[in-house]
Amino acid sequence: MLFNSYFFILVFLPITLLVFFALGQKGQQRLALVWMVFASLFFYGWWNPANLALIMTSILFNYAIGTILSSDRRHHAIRKGAFVFGITANLGVLAYYKYANFFLESLNVALGSGYTLIEIILPLGISFFTFTQIAFLVDAYRGEVKEYNFLHYALFVTYFPHLIAGPVLHHKEMMPQFGQASIFRFDAVNFSAGLTYFVLGLFKKVIVADGIASFVGPVFTVASKGLPLLYMDAWCGALSYSFQLYFDFSGYSDMAIGLALMMGLRLPLNFNSPYKAVNIIEFWRRWHMTLSRFLRDYLYISLGGNKKGEIRRYAHLMITMLLGGLWHGAGWTFVIWGGLHGFYLIVNHGWQAIRRGFGHDLTVTTWWGRGLSTLLTFLAVIVGWVYFRSNNIDTAHHILKSMATIPEFRLSSFYSERVSNSALAHWAGLAGLETSAELMLVFAIAMLAAIAFFAPNTQEIMGRYYWQPRGCPERVPSTINGLWSPSLLWACFISVAATWSVLELTQLSEFLYFQF
């Protein structure tokens, strides 16, 4: 079920919230939580009911392992054996569904063999609910889990706002919230703030991300066929995808936070204007923040982090990012994307170490220095996105080679025709503008860049009406004086944005992170 669908917005969400608050108002708090688990499972099973058996088995299995790990009375060997078995089982299931065919295809290429598997359909959200539960098991083994209420645990895993595409939740952030009496009472301010968050995310997805999507596919399709690409084709295609992914993921993150906020629940921030980052280290503190946290806490630190010398530290960074790339998709383009970011991080850390060695104060900056650093970081990220979006390595190389040719302000005919027949040209016509496809596309990309680089993000707009849950290690400062307030003016603005977005739902499109 898509957040950006009529059924979700007009049927599923109203019924789910009405029943939840009705049960909570009558003092049936436990029954209200049971209802939310049932609704979340219905949401998940909407895609493929057969997947319900997988997620329910996963929940029961991991809860049982966590219970064993929590017992201080059990022998250490039993706890360690249960921990190893639990982690292995989770990774084994994930590897089978997500990587079996990839590894077999790679083996066939290497050995010239012809082994085949039956078609494996990747269950939606398996990476997210598996990583969420792996983190739970690791913390249970370390003795850091304080609550083992099964109903809270089931809702922690299945809660529909985060289930399909994150954020990757942490038990200490979410499970205590399910026991708070305040979430069962309807709160008009929380609901209006959550609704605003949701509509802003819906607008980003439906109007902005889906609006620029039509300028992405043609370039990557032509490149995959090895056909000629002009300099401007390649750059506009790469930039369009960079902003499509940005607003698509930002939109989903906002919608997830908004849905939870309607109930008075706080999800951790997962997206914080990453294109404003002045270096790649900061980029990963702003992009998919909960995944970055998971990779740091449960992989990078487990490998040894920075405690075994600089060479080992850089090796740990590269391994972490390679596996992070592979997490995003079973393909060599994702491995290269992860390797690129591993290389970027090594260079960034190395450069900072050199500057510190010369006695430089890294906190002292200039506006032009920050601007150049942000631009360089963005260009490095674009190169990575080309691999991320391409179906194979040859396609990525074809686009990158075209981006490196002699600049020419001209689009190929296949691309200019697409732009001229797009909604962009329609709006230009309504405005009485007669301009070339090149100028229209450049203007659209420039507008998106201005929003991404200079406009306040959603949490800054919302100000004090959103804050991260307690226990969240990445404390993003709240903006006390945000732009939004529960006023008539904002109600009118959000109503227009919601109406516009809903009217554009005639052609549904999945969020890009659903495939991961």
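Just above sits the structure.
What comes next concerns the included structure. (Residues numbered from 1 in each chain as written. Predicted model: local features only at pLDDT ≥ 70, side-chain atom pairs only at ≥ 80, totals over all residues. Heavy atoms only, no water.)

1. Topic: the overall build of the chain
1) Next: Along the chain, the regular secondary structure elements total 22 helices and zero strands.
2) Next: For 516 residues, the compact-globule estimate of 2.2 N^0.38 gives 24 Å, and the chain sits close to it at 24 Å.
3) Next: When its C-alpha atoms are laid out on the principal axes, the chain stretches across 70 × 60 × 60 Å.
4) Next: Expressed as a percentage of contacts within the chain between residues at least 6 apart in sequence, the contacts between residues at least 24 apart total 75%.
5) Next: Here the chain displays about 23900 Å² of accessible surface, and carbon together with sulfur accounts for 66% of that area.
6) Next: Where the 34 positive side-chain charges of the chain centre and where its 25 negative ones centre are 11 Å apart. (Helix = DSSP H or I, 4+ residues; strand = E, 2+ residues; numbered from the N terminus. Rg over C-alpha atoms; globule rule 2.2 N^0.38 Å. Contact = heavy atoms within 4.5 Å. Areas by Shrake-Rupley, 256 points an atom, 1.4 Å probe, with all protein chains shown as cover. Lys, Arg positive; Asp, Glu negative; His and termini not counted. Charge placed at Lys NZ, Arg CZ, Asp CG, Glu CD.)

2. Here's the deal with helix α5 (residues 126-141)
1) Next: Under the 1.5 Å per step criterion, the end-to-end length of α5 is 22 Å for 16 residues, consistent within 8% with the ideal 22 Å.
2) Next: Along α5, 15 of the 16 residues are buried, which leaves the element largely enclosed by surrounding structure.
3) Next: Two residues or fewer after α5 comes glycine 143, characterised by a positive phi angle close to 80°. (Expected span 1.5 Å × (residues − 1). Buried < 20%, exposed > 50% of the residue type's maximum accessible area, 1.4 Å probe, protein only.)

3. Considering the pattern of salt bridges
1) Next: Counted under the stated rule, the structure contains nine salt bridges.
2) Next: Put simply, arginine 286 and glutamate 282 hold a salt bridge, and the shortest N to O gap is 2.7 Å. Taken together, the residues span about one helical turn, with arginine 286 and glutamate 282 both in helix α12 (residues 280-286) at a distance of four residues. Here arginine 286 matches glutamate 282 in class, with each residue buried.
3) Next: When the shortest N-O distance is used, the salt bridge between glutamate 408 and arginine 410 registers 3.0 Å. (Salt bridge = Lys/Arg side-chain N within 4 Å of Asp/Glu carboxyl O.)

4. Here's the deal with unusual backbone geometry
1) Next: Phi angles above zero are rare outside glycine, and serine 273 is one such case at about 45°.
2) Next: For serine 273, the position within the fold is in the loop between α11 (231-262) and α12.
3) Next: Its identity as a non-glycine residue notwithstanding, histidine 288 has a phi of 40°, on the positive side.
4) Next: For histidine 288, a relative accessible area of 0% corresponds to the buried category.

5. Here we look at the nonpolar core
1) Next: Phe8, Phe243 and Trp385 are the most contacted members of the largest nonpolar core, which has 165 residues in total.
2) Next: Examining the composition of this core, we find that 19 residues originate from one element, α11, more than from any other.
3) Next: The contacts of phenylalanine 243, once residues within four sequence positions are left out, are Tyr275, Phe378, Ile445, Leu448, Ala449, Ala452 and Phe453. (Core = buried A, V, L, I, M, F, W, Y, C linked by side-chain atoms within 4.5 Å.)

6. Concerning the environment of isoleucine 301
1) Next: Note on placement: isoleucine 301 falls in helix α13 (residues 289-303).
2) Next: Look at isoleucine 301 and you get partly exposed, because its relative accessible area is 48%.
3) Next: Residues isoleucine 301 and leucine 317, spaced 16 residues apart in sequence, show a C-alpha to C-alpha distance of 9.8 Å.

7. Quick notes on a nonpolar patch on the surface
1) Next: Residues Tyr6, Phe7, Leu10, Val11, Ile15, Phe38, Phe42 and Trp46 make up a contiguous nonpolar surface patch of about 760 Å² in total accessible area.
2) Next: At the level of elements, α1 (6-25) and α2 (29-45) are the ones that each hand at least two residues to the nonpolar patch.
3) Next: Take the nonpolar patch: its biggest share by element is five residues, from α1.
4) Next: With respect to the element layout, isoleucine 15 can be found in helix α1.
5) Next: Its relative accessible area of 44% is what places isoleucine 15 among the partly exposed residues. (Patch = residues over 30% accessible without salt bridge, like charges linked within 9 Å, V, L, I, M, F, W, Y side chains within 5 Å.)

Nothing here speaks to function; it is geometry throughout.
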